[in-house]
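# Topology and contacts: notes
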Amino acid sequence: MTTEQTAEKLPAGKVLAHIVDDVYREAAEAKERGEMIGWCASNFPQEIPTTLGLHTVYPESQAAAISAKGGSLPLLEHAEGELGFSNDLCAYARISMAYADTGKCPNGEMDMPLPDFVLCCNNICTCMMSWYENLGRKLNIPVIMIDVPYCDSYDVDQKRIDYVKGQFIDAIHQLEEITGKKWDDKKFEEVCAYSNRTGEAWLEATTYMGYKPSPLNGFELFNHMAVATMARGHEGAAEAMEQLCEEYRQNVAEGKSNFRAEEQHRIMFEGIACWPYLRATSKPLKDSGTNVTACVYGPSFAFTYRNLDELAEAYCGVPNAINLERATELRKQLCVDGKVDGGIVHINRSCKMWSGIAPEMGRRISADLNIPIVTFDGDQSDPRNFSEEQYKTRIEGLVEIMDSKKEGK
């Protein structure tokens, strides 16, 4: 069934899931035809390989999906025991390198073809560089790396934009040489047009959390965001995201919500989801009537740009590439827009770049907005680094404080 057919019959969430499946399926079919396919980091512009007619898949999204389906531990243990990687490394990286070694998923799902090249940016973290260099060395394939300098000032300056733009142009030339494909400026404009529609609709979808009560369960955005990463330059992605917005608008008009509880409290969720424990992290919130109405992880992938200058500027401004002051103000605005009563901060053992500044961001947000913020220890993919009881206790404490503030105590 095609994406166009499903879009008429299925809710947007299922259409978006089909699009993700199609990305993996089409890449596998291209590989079988003898075409070169790539693995791509989430913060490498998807529009570049799409313009060149190349199929790419995304190790971070694959690792998240494997983890959400309960299959991460065997790969993590393989990376540590068979390949010798430390368990202090990012769990996504360990899963990816184990998968590159074994070529299969332990739960039989989320298989993807091995790459002929990899595309990477370091605006996510420095671990990403070593991860992709290891993939390139192990598989003996080209590694195209974009260096995005950390922005120590509040705004991105022109020197950074020019520096990053030059590297993207060079990456295009490298891909042309590696794959034999040719760049087409008109095609790039078409891809960006679809990408902008997708990004604008995705950003609009996240703003519906600002309604009170929210027409959506904020946790569901963790599932939908994969399309914003993997396929935003395609017409089907734009249509599906626009359908998602329409469904949220309809929920508002009808007084409905995908949050299946009475909304008593609204909070910010800071950080990446604990994919192996989605139910364990969402259920205590639902049971206490607490909905997530602010989260930077979703809107951070709502990219829009019309040319390579704007593209370079956008990738200089992703959450992990900006300074503490700008990162804090970004979260504070989301909290204001989401009308939150409190927040939870995931201290994620895998993502040290993000978690390093998270406690200080939480303290500043709490002080400036006069809301309670609690932290919990976890991991985006390693199930050994999360305590369900600790999490429940933190949520109970947060709810107790929010109840007290609501009662005016």
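This text follows the structure it describes.
This structure is a prediction, so every number in the text was calculated from the model and none was measured.

Let us look at empty space enclosed by the protein. Going through the model one piece at a time under the given rule, you end up with 2 cavities of 30 Å³ or more. Here the largest cavity defines a volume of roughly 40 Å³. For the lining of the largest cavity, the class distribution of residues is 5 nonpolar, 2 polar and no charged. Around the second largest cavity sit G271, I272, H346, N348, C351, W354, S355 and A358, which together line it. Sorting the residues of the lining of the second largest cavity by element identifies β7 (342-348) and α15 (352-369) as the ones contributing at least two each. Looking at the lining of the second largest cavity, the element that brings in the most residues is α15, giving 3 residues. Among the residues forming the lining of the second largest cavity, the class breakdown is 4 nonpolar, 4 polar and no charged.

Our next topic: the layout of surface pockets. As a volume, the largest pocket reaches approximately 1100 Å³. The wall of the largest pocket is formed by 50 residues, among which E60, S61, A64, Y92 and W275 lie closest to the centre. Elements with a minimum of two residues in the lining of the largest pocket: α2 (12-32), α4 (59-68), α7 (127-139), α10 (221-230) and α15. For the lining of the largest pocket, the element with the most residues is α10, which contributes 7 residues. Taken together, the residues that form the lining of the largest pocket break down as 31 nonpolar, 12 polar and 7 charged.

Of the two faces of strand β4 (residues 143-146), the one holding I144 and I146 is buried and the one holding V143 and M145 is not buried anywhere. Once you follow strand β3 (residues 117-121) into α7 and on to β4, the crossover reads as right-handed.

Now for the sheet that holds β7. Taken together, the 4 strands give an open sheet; going across it, the order is β6-β5-β7-β8, and neighbouring strands pair in parallel fashion. Two strands in the sheet have a free side with no partner beyond their single neighbour: β6 (290-294) and β8 (373-378). Between one strand axis and the next, the sheet turns through 35° on average, direction left out of account. Relative to β6, strand β5 (residues 265-270) is paired through 4 bridges, and the arrangement is parallel. Paired with R266 across the two strands is N291, which belongs to β6.

Before going further, it helps to examine the pattern of salt bridges. All told, the structure shown has 29 salt bridges when counted by the stated rule. The salt bridge partner of E80 is R94, with a shortest N-O separation of 2.6 Å. With E80 in helix α5 (residues 72-81) and R94 in helix α6 (residues 91-102), this pair connects stretches of sequence that are 14 residues apart. Here E80 and R94 have matching classes, each one buried. Put simply, D157 and R160 hold a salt bridge, and the shortest N to O gap is 2.9 Å. The class of R160 is buried, set by a relative accessible area of 15%.

Okay, a negative patch on the surface next. Judged by side-chain charge, D184, D185, E189 and E190 come together as a negatively charged surface patch. Along the chain, E190 falls in helix α9 (residues 185-207).

Turning next to the environment of A28. Note on placement: A28 falls in helix α2. On a C-alpha basis, the gap between A28 and Q46 in space is 18 Å, while along the polypeptide they are 18 residues apart.

Between α4 and α6, the least distance of the axes is 9 Å, while the angle of their chain directions is 95°. One element, α4, and the other, α6, form an angle in the roughly perpendicular class. Touching P59, E60, Q62, A63, A64, I66 and S67 of α4 are Y92, I95, S96 and Y99, all from α6. For the contact of α4 with α6, the per-class residue count stands at 7 nonpolar, 3 polar and 1 charged.

Here K212 and P213 are connected by a cis peptide whose omega angle stands at 0°. Mapped onto the elements of the fold, P213 is located in the loop between α9 and α10. Within the chain, N140 stands out as a residue other than glycine whose phi angle is a positive 55°. Among the secondary structure elements, N140 is positioned in the loop between α7 and β4. Of note, K339 is a non-glycine position whose phi angle comes to about 50°, a positive value. When you line up the elements, K339 lands in the loop between α14 (324-337) and β7. Overall, the relative accessible area of 40% leaves K339 in the partly exposed class.

Further remarks concern the sheet that holds β3. Paired through backbone hydrogen bonds, the strands of a sheet run either parallel or antiparallel to each other. Across the sheet, which stays open at both edges, the 4 strands sit in the order β2-β1-β3-β4 with parallel pairing between neighbours. Where the open sheet ends on each side, the last strands, each with one partner, are β2 (55-57) and β4. Going across the sheet, the axis of each strand differs from the next one's by a mean of 25°, ignoring polarity. In this sheet, β2 lies alongside strand β1 (residues 37-40) in parallel orientation, the contact comprising 3 bridges. Pairing of W39 across the sheet is with V57, part of β2. Against the sheet, α2 engages β1 and β2, with an angle of about 125° to β2.

Each value, and the rule that gives it
- Residues numbered from 1 in each chain as written.
- Predicted model: local features only at pLDDT ≥ 70, side-chain atom pairs only at ≥ 80, totals over all residues.
- Heavy atoms only, no water.
- 1 Å grid on protein atoms, 1.4 Å probe; cavity = no way out; pocket = protein on both sides within 12 Å on 5 of 7 lines; lining within 4 Å.
- Points joined across faces, edges and corners; volume = space filled by probe spheres on them.
- Nonpolar A, V, L, I, M, F, W, Y, C, P; charged D, E, K, R; others polar.
- Helix = DSSP H or I, 4+ residues; strand = E, 2+ residues; numbered from the N terminus.
- Buried < 20%, exposed > 50% of the residue type's maximum accessible area, 1.4 Å probe, protein only.
- Right-handed = clockwise from strand over helix to strand, strands pointing away.
- Pairing = 2+ DSSP bridges.
- Axes fitted to C-alpha atoms, helices over the stretch in contact; angles between N-to-C directions.
- Salt bridge = Lys/Arg side-chain N within 4 Å of Asp/Glu carboxyl O.
- Patch = residues over 30% accessible without salt bridge, like charges linked within 9 Å, V, L, I, M, F, W, Y side chains within 5 Å.
- Areas by Shrake-Rupley, 256 points an atom, 1.4 Å probe, with all protein chains shown as cover.
- Lys, Arg positive; Asp, Glu negative; His and termini not counted.
- Charge placed at Lys NZ, Arg CZ, Asp CG, Glu CD.
- Parallel < 35°, antiparallel > 145°, perpendicular 65-115°, else oblique.
- Contact = heavy atoms within 4.5 Å.

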